[in-house]
Amino acid sequence: GITMTEVRGIAAGLRERVLAELKGAGALSSSELAVRADVSSRSLQRVLSVLVEEGVIVARGRGRARRY
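Residues numbered from 1 in each chain as written. Predicted model: local features only at pLDDT ≥ 70, side-chain atom pairs only at ≥ 80, totals over all residues. Heavy atoms only, no water.

Caption draft 1: Structural context of the environment of Ala12. With respect to the helices and strands, Ala12 occurs in helix 1 (residues 4–25). Sequence separation of Ala12 and Val47 is 35 residues, and the distance between their C-alpha atoms is 9.3 Å. (Helix = DSSP H or I, 4+ residues; strand = E, 2+ residues; numbered from the N terminus.)

Structure, rendered in structure tokens:
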């Protein structure tokens, strides 16, 4: 198995990749972000919800039209 420290490291790396992609491209949909960050949609959704809750990024629109 893997340790919690490794899990946190993986999550932090994913968070940084998502933020870097958003900074470079501007507004992206979750599917565009998943492809660019090379991550599953489910993992990406977890990271995006945390970032939105923390106020680090803003979600605009609903459904498929949602951009971050």
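Caption draft 2: Here's a closer look at the nonpolar core. With 15 residues, the main nonpolar core has Val18, Leu22, Leu33, Leu44, Leu48, Leu51 and Ile57 as its most contacted residues. Those elements that provide at least two residues to this core are helix 1, helix 2 (30–37) and helix 3 (41–54). Excluding its chain neighbours within four sequence positions, the residues that come into contact with Leu51 are Arg15, Val18, Leu19, Val56 and Ile57. (Core = buried A, V, L, I, M, F, W, Y, C linked by side-chain atoms within 4.5 Å. Buried < 20%, exposed > 50% of the residue type's maximum accessible area, 1.4 Å probe, protein only. Contact = heavy atoms within 4.5 Å.)

Caption draft 3: Inspection of unusual backbone geometry at higher detail. The phi angle at Asp38 is positive, at roughly 55 degrees, despite the residue not being glycine. Along the chain, the position of Asp38 falls in the loop between helix 2 and helix 3. Judged by its relative accessible area of 67%, Asp38 is exposed.

Caption draft 4: Spotlight on helix 2. Every buried residue of helix 2 is accounted for by Leu33, Ala34 and Ala37. Seen end-on, helix 2 carries its buried residues on one side only, within an arc spanning 105 degrees. Once helix 2 finishes, Asp38 follows within two positions and takes phi at roughly 55 degrees, a positive value. (Arc of directions from axis to C-beta.)

Caption draft 5: Molecular detail of the packing of helix 2 against helix 3. Closest axis-to-axis distance for the helix 2/helix 3 pair is 10 Å, and the angle between their directions is 110 degrees. With respect to helix 3, the axis of helix 2 lies roughly perpendicular. Crossing of helix 2 over helix 3 shows right-handed handedness. Between helix 2 and helix 3, the residues in contact are Ser30, Leu33 and Ala34 and Ser41, Leu44, Gln45 and Leu48, respectively. When grouped by side-chain class, the residues that make up the contact of helix 2 with helix 3 number four nonpolar, three polar and no charged. (Axes fitted to C-alpha atoms, helices over the stretch in contact; angles between N-to-C directions. Parallel < 35°, antiparallel > 145°, perpendicular 65-115°, else oblique. Left-handed = near helix turned anticlockwise from the far one by under 90°. Nonpolar A, V, L, I, M, F, W, Y, C, P; charged D, E, K, R; others polar.)

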